[in-house]
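Per-entry structural report
If you want the building blocks of each chain, they are given just below.
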Amino acid sequence: MEEIMIYPYCRAYEPYVLNSDLIGNNRITALVSPKGWGLEGGEIACGEKYLTVLSDFSRALEECTAVWFVDDEKDALPETLLKERLSEAIAKGKKIIFTRYNDAISFDKSVQMIPHGQNITPVRQTLEVRSSGPYCIHRINTPVLAVYGLETGVDKLAVQIALRRQFMDMGYKVASVASRLDSDLLGMYSIPGFMFSNRYSESEKIIKYNHFIKAVECRERPDLIIVGIPGGVFPFNEIDDNNFGILAYEISFAVSCDAAVMCMAYNPQFSGEYDDIKSDVTHRLGFHTVCCHIAAAVPDTQDFFEKRKRHLVSIDRKYIDRKKDFYEPRNIYNMQDKDSAKKAAILIRDVLS
């Protein structure tokens, strides 16, 4: 069993901490975030206790047996600092989990530094179905639930995990293909790296993703497949394009989804009416949106006015819970809450039945 430090910790990795029981016999024991990221001193629930976010890497290193180097979110970790921290962990004999996949060049350089005996990074699962022709699209016979967000940072992974738990508790066998590249530790399939590669055309990505999902279906024989959609589905404006929802568009062609969950940021002025958005998503992606999740996050207005880019900051979930009685009759939930996640799962099950 390894006692794991997450570095550099950011809000995107909160679902891993909240669901640390899914990482097998390993335990997350420390969260370290660089100074200046504004997270030091925050407390995150981890099992039956809370972990305080620290900034002293060297001190935390003494208390762990492994370091999990994770991707950045809003702020970028300087490459020199990354190399320094990685070298320190290696010199101390710590096991290394390295999943900073977003920068392929830096990833390759860093992995080469890690001695073979210290590298315990899970091998990402790659599945492929051989077909009669390279352009064959396979029919997926298992019901597929898509989890998408109007933007990044709206708890998509947390919702995928929460619904996976609920359906498994109901006795269903669930296969999950996450919206992230580093979800293998949670017992889920990570989204295949080829979806972010320049080596393939958009048509090839659609076909390969379809083949990947078919391979998951053939291997797992699940009752339900949950598919996480990376990024957002719509551009906000000419400057903040949200990557134009291209990945969502490609996945919608690769796999026909039988139901979908929408994730969005909290807005105190939100009336609970989202039929227009559901209609737009149906017309563009073919997703039938069953319910909505409200994330405990709001736009950083200063960041928006200075950079014309939306970035979300966390708020206390009590602001959402206060409107629980108003939201839930409209099929709007905070699925970080187990009772709400159960209600959403029952609703989805009834729709798919």
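Right, let's walk through the structure included here.

Cut-offs used in this document
- Numbers given for residues are sequential positions, taken from 1 along each chain in its written order.
- For this predicted model, a pLDDT threshold of at least 70 governs which residues receive local features, and a threshold of 80 or more governs which side-chain atom pairs are given and counted, while totals over whole chains, interfaces and linings are taken from all residues.
- Values reported for side chains reflect all heavy atoms of the structure, with hydrogen atoms and water molecules removed beforehand.
- In this scheme, a residue with accessible area under 20% of its type's maximum is buried, one over 50% is exposed, and one in between is partly exposed, where area comes from a 1.4 Å probe on protein chains only.
- Working definition: helices are DSSP H or I runs of at least four residues, strands are E runs of at least two. Numbering for both runs from the N terminus.
- Residues count as neighbours in contact if any of their non-hydrogen atoms are within 4.5 Å of one another.
- When DSSP finds two or more bridges between a pair of strands, those strands are recorded as paired.
- The convention used is that axes are lines fitted to C-alpha atoms, helices contributing only their stretch in contact, and that angles between N-to-C directions extend from 0 to 180 degrees.
- Space inside and on the surface of the protein is sampled on a 1 Å grid over the protein atoms alone, with a cavity defined as a set of points where a 1.4 Å probe fits but cannot get out and a pocket as an open set with protein on both sides within 12 Å along at least 5 of 7 lines; lining residues have an atom within 4 Å of a point.
- Grid points are joined across faces, edges and corners, and a volume is the space filled by probe spheres set on the points.
- Under the scheme applied here, ten amino acids are nonpolar (Ala, Val, Leu, Ile, Met, Phe, Trp, Tyr, Cys and Pro), four are charged (Asp, Glu, Lys and Arg), and all others, including Gly, are polar.

Quick notes on helix α7 (residues 246-254)
Within α7, burial applies to Leu247, Ala248, Glu250, Ile251, Ser252 and Ala254. The inward-facing, buried residues of α7 contact α6 (202-220), β9 (224-232) and α8 (275-285).

Focus on the sheet that holds strand β10 (residues 259-265)
Read across the open sheet, the six strands follow the order β8-β9-β7-β10-β11-β14; overall the sheet is parallel. The outermost strands of the open sheet, each flanked by one partner alone, are β8 (174-177) and β14 (332-333). Of the pairings in the sheet, the one linking strand β7 (residues 144-149) to β9 comprises five bridges and is parallel in character. Among the inter-strand pairings, Val144 is bridged to a residue of β9, identified as Ile225. Sheet contacts for helix α5 (residues 156-169): β7, β8, β9, β10 and β11 (289-295); angle to β9, the most-contacted strand, approximately 170 degrees. The strands that helix α12 (residues 338-352) touches are β7, β9, β10, β11 and β14; relative to β11, the one it contacts most, it runs at about 165 degrees.

Thoughts on empty space enclosed by the protein
All chains considered together, the criterion is met by two cavities of 30 Å³ or more. Space inside the largest cavity adds up to approximately 60 Å³. Around the largest cavity sit Ile320, Asp321, Lys324, Tyr327, Glu328, Ile332, Tyr333, Asn334 and Ser340, which together line it. Going through the elements one at a time, α10 (318-321), α11 (324-327) and β14 are the ones with two or more residues in the lining of the largest cavity. Of the residues in the lining of the largest cavity, the class split is four nonpolar, two polar and three charged. In this structure, the second largest cavity is lined by Trp68, Thr99, Tyr101, Pro122, Arg124, Asp182, Asp184 and Leu185. Across the lining of the second largest cavity, the residue classes tally to four nonpolar, one polar and three charged.

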